[in-house]
Amino acid sequence: MGFARACSVALVGVEGVVVEVQADLEPGVAAFTLVGLPDKSLVESRDRVRAAVVNSGGEWPQKKLTVGLSPASVPKSGSGFDLAVACSVLGAAERIDPKVIADLVLIGELGLDGRVRPVRGVLPAVLAAAEAGYRQVVVPEQTAGEASLVPGVSVLGVRSLRQLIAVLTGEAVPDEPQEAGQGRPDAMLAGLMVPGAGVGTGLATGAAGDGHRPDLADVAGQAAARTALEVAAAGGHHLLLQGPPGAGKTMLAERLPAVLPPLTGQESLEVTAVHSVAGILPPGEPLVHTPPYCAPHHSATMQSLVGGGNGLPRPGAVSLAHRGVLFLDEAPEFSGRALDALRQPLESGHVVVARSAGVVRLPARFLMVLAANPCPCGRHTLNGAGCECPPSVIRRYQSRLSGPLLDRVDLRVNVQPVGRADLLGQGGRGESTAAVAARVREARARSAARLDGTPWSVNSEVPGHELRTRWPVAPGALGAAERDLERGLLTARGLDRVLRVAWTVADLAGCDRPEARHVDLALELRTGIARGAGAAAGDVS
């Protein structure tokens, strides 16, 4: 009787669980039994592994073979267990020393010819292995760069099972040539990306295919909206842009990711892990450095927004926009059920999705931008535009954005139509993205220094109680906000959010604490009512 074990990782959402792959050989009729709650693609590994071992020059044991995946209560899916199953079988057959593979984590799919194919989710899998104390990982050669992002882990990238056997047995490592032909993509990279996975969520990162990056200087006019965009980027505040079609709401939203600071090391790992699991991580780019931009269509379902799918839930748009921007254009056209599902991740920074196959917790700390027309035809606020929408239709249209959802939006700006002077450039070009991004970085540095030693990093995350007690504002600065609270124009949550925005405005202006003009601008950005905050707006921009 022969026994051997190796390790692999099962992904539950974007979190990994180390799985022990055990192989047991006993005398009897030749059979291959796989147990431990595998899915269909994992059950089919029996045929893939057998063919890969034989075509790699190995001998398949003609005995009763049982392969167990432990813990058996955790659902296992995907083809990433092939490499661990093959090595545990070869260890039980004494082709490989069982002691060599006992503490080795192996991740990869096997082709019938023995080649090792890449799989999705390598980064979160290696992170889970490192947290469990494992220090040696074997992955496909194409994903070795992604796995090497995890510190303290020795990564071995292999191209074939034949190479791995040679490394584990101390034999001469055979040379496996790259078979990708000139002028065509490498077929081995097909397992890394799911076709259309990023299209349905409107995901975009970095520059366009021609290298062009949208710049804020391309936006004509819209001084108030540009100020709100800068405040949103500096403090992580959610933003609502209301205005007629063609005013530039989408242009402003598309330029927001470039204004945000680059991702930190930890944030890059979080974003890369989500994109790797979702199958939208571009080959050759193992680490995402820029904040993602996700703009789903208004016909998107609740499951596509928060996560779902058959079996274990997969990341939705809110998770793909983690540490970036989630832009909902034509927000009133989204279903009310889908919009209200955003309320929980907006508060907690994560989403918990329960399905019959299990419960997963996905990260979802994003900056939300809503864009809405004033009425179904979009001409309600335009003078002489001929809006024929009845008042009841306008009220019903505007009420699709529920009060609890709007209460979580810090900045609400009315985007006015662009005038002829601004459109023709007679008023001069606006500030570039680089100039605005520099001020945003300085403001974030001020808030980070103030919040050092706390669990928060930006002003939008700080609880209102902490802002009111630990960091007081200037005397009398909250007078206007307190009057609005007494009149019922602000809720208690709204007052806290005005205070957070005021701190961001003060950071942008280089002040040590918010003054009355900063609070007035915060109130104006939230309520849309002019309060004579022009001086503070000038300080920001």
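Residues numbered from 1 in each chain as written. Predicted model: local features only at pLDDT ≥ 70, side-chain atom pairs only at ≥ 80, totals over all residues. Heavy atoms only, no water.

Which residues make up the side chain of Thr-433, and what are the values?
When you line up the elements, Thr-433 lands in helix α19 (residues 433–450). Apart from residues lying up to four places away in sequence, Thr-433 is in contact with Pro-214, Asp-215, Leu-216, Ala-258 and Val-259. (Helix = DSSP H or I, 4+ residues; strand = E, 2+ residues; numbered from the N terminus. Contact = heavy atoms within 4.5 Å.)

An account of helix α7 (residues 161–169) is requested, with residue identities and associated values reported.
Buried within α7 we find Leu-161, Gln-163, Leu-164, Ile-165, Ala-166 and Leu-168. The positive-phi residue at the C-terminal boundary of α7 is Gly-170, with phi of around 80 degrees. (Buried < 20%, exposed > 50% of the residue type's maximum accessible area, 1.4 Å probe, protein only.)

Can you lay out the packing of aromatic side chains for me, pointing to particular residues and giving the numbers?
Across all of its chains, the model carries two aromatic pairs by this definition. A centroid spacing of 5.7 Å and a plane angle of 40 degrees characterise the contact between Phe-32 and Trp-60, whose relative ring orientation is tilted. Placement of the pair is Phe-32 in strand β3 (residues 31–35) and Trp-60 in the loop between α2 (45–55) and β4 (64–70), with a sequence separation of 28 residues. Where Tyr-293 meets Phe-327, the ring centres are 6.3 Å apart and the plane angle is 25 degrees; that geometry is what we call stacked. Here Tyr-293 is found in strand β12 (residues 293–294), whereas its partner Phe-327 is found in strand β13 (residues 325–328), with 34 residues between them in sequence. Accessibility classification places Tyr-293 together with Phe-327 in one group, the buried group. (Phe/Tyr/Trp six-rings, centres within 6.5 Å; stacked < 30°, edge-to-face > 60°.)

Just give me the short version of unusual backbone geometry, but keep the residues and values in it.
Cis geometry is adopted by the peptide bond preceding Pro-71, which originates at Ser-70 and carries an omega value of 10 degrees. Residue placement: Pro-71 occurs in the loop between β4 and α3 (82–92). The phi dihedral of Glu-94 is positive, around 65 degrees, even though this residue is not glycine. Residue placement: Glu-94 occurs in the loop between α3 and α4 (98–101). Using a relative accessible area of 69% as the deciding quantity, one classes Glu-94 as exposed.

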